[in-house]
Amino acid sequence: MKLDEIDHLLLDELQTDAGRTLRELGEVVGLSPSAVQRRMERYRQSGLLARTAAVLDPKVSHDLVVAVCLVSVERESVRLHEAFQRRLLAAPEVQQVYSVYGEWDYVVVLTTSGMAHHNEVAARLLTGAPNVRRYSTLFVLDPIRTGSAIPTRALRL
């Protein structure tokens, strides 16, 4: 999908706050509400705009535990990696999963409601998981910045 300058601006605005009206978005990027709607529909049809979601402030949630888990697997095979990934993707507590290169094989971000819930989730997904050699957990003390915005164009210097 080829993006023009207005597409880049609109996508940036949608990633910042997709809850604004078509009129508000149009005012920012210089389009009519119907033109904004047509572009958004094109993004959806192409798969570029995967979904629209509400983002809750983690600082407001009571008893929230955010943990970054570094995971190393025992054996390498496509089948074993796919099975582990399916296990993680099926758990609503798993917010992000990254396959990484280096000492660890995966970075898994978990959000749970309290330490008891975290311990249950970690036991179910990691401690008892086939092919997990070891894992280490980093507990988030202060979520200073969270986000999921993706740049739509290369940085120009």
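Here we summarise the structure given alongside this text.

Cut-offs and rules
Residues numbered from 1 in each chain as written. Predicted model: local features only at pLDDT ≥ 70, side-chain atom pairs only at ≥ 80, totals over all residues. Heavy atoms only, no water. Salt bridge = Lys/Arg side-chain N within 4 Å of Asp/Glu carboxyl O. Helix = DSSP H or I, 4+ residues; strand = E, 2+ residues; numbered from the N terminus. Buried < 20%, exposed > 50% of the residue type's maximum accessible area, 1.4 Å probe, protein only. Arc of directions from axis to C-beta. Contact = heavy atoms within 4.5 Å. Phe/Tyr/Trp six-rings, centres within 6.5 Å; stacked < 30°, edge-to-face > 60°. Lys NZ or Arg CZ within 6 Å of the ring centre and 35° of its normal. Expected span 1.5 Å × (residues − 1). Pairing = 2+ DSSP bridges.

A few words now on the pattern of salt bridges. Summed over all chains, the structure comprises 10 salt bridges. Of the charged contacts, one joins Arg39 and Asp4 as a salt bridge, the two residues approaching to 3.0 Å between their closest N and O atoms. Of this pair, Arg39 sits in helix H3 (residues 33–46) while Asp4 sits in the segment before helix H1 (5–16), and the two are 35 residues apart along the sequence. A salt bridge links Glu93 to Arg124, with the nearest nitrogen and oxygen atoms 3.4 Å apart. Placement of Glu93 in the loop between helix H4 (78–89) and strand S2 (94–99) and of Arg124 in helix H5 (residues 115–127) is noted, with a sequence separation of 31 residues between them. Exposure remark for Glu93: the relative accessible area of 10% places this residue in the buried category. Within this structure, Asp4, Asp7, Arg39 and Arg42 form a network of salt bridges that share partners.

This part is about helix H2 (residues 22–29). Taken as a whole, H2 has its buried residues at Leu25, Gly26 and Val29. Looking straight down H2, one finds that the buried residues subtend no more than 100 degrees of arc, so they occupy a single side. Those residues of H2 that are exposed and angled more than 90 degrees off the buried face are Arg23 and Glu27. Packing partners of the buried residues in H2 comprise H1 and H3. Trailing H2 by a residue or two, Gly30 shows a phi angle of about 80 degrees, which is positive.

Another point: the packing of aromatic side chains. Under the definition given, this model contains one aromatic pair. Above the plane of the ring of Trp104 lies Arg134, whose end atom (NZ or CZ) is 4.2 Å from the centre.

A separate point is H3. With 14 residues, H3 extends 20 Å from end C-alpha to end C-alpha; this agrees with the ideal 20 Å at 1.5 Å per step. Of the surrounding elements, those touching the buried residues of H3 are H1 and H2. A positive phi of about 90 degrees marks Gly47, the residue just after H3.

Time to look at the pairing of strand S3 (residues 106–113). Counted residue by residue, S3 has six buried out of eight residues, so it is predominantly covered. Pairing analysis gives eight bridges linking strand S1 (residues 64–73) to S3, with the strands arranged antiparallel. Bridging from a neighbouring strand, Cys69 pairs with Val108 of S3. Bridge count between S2 and S3: five bridges; the pairing is antiparallel. Bridge pairing in S3 places Val97 opposite Val108.

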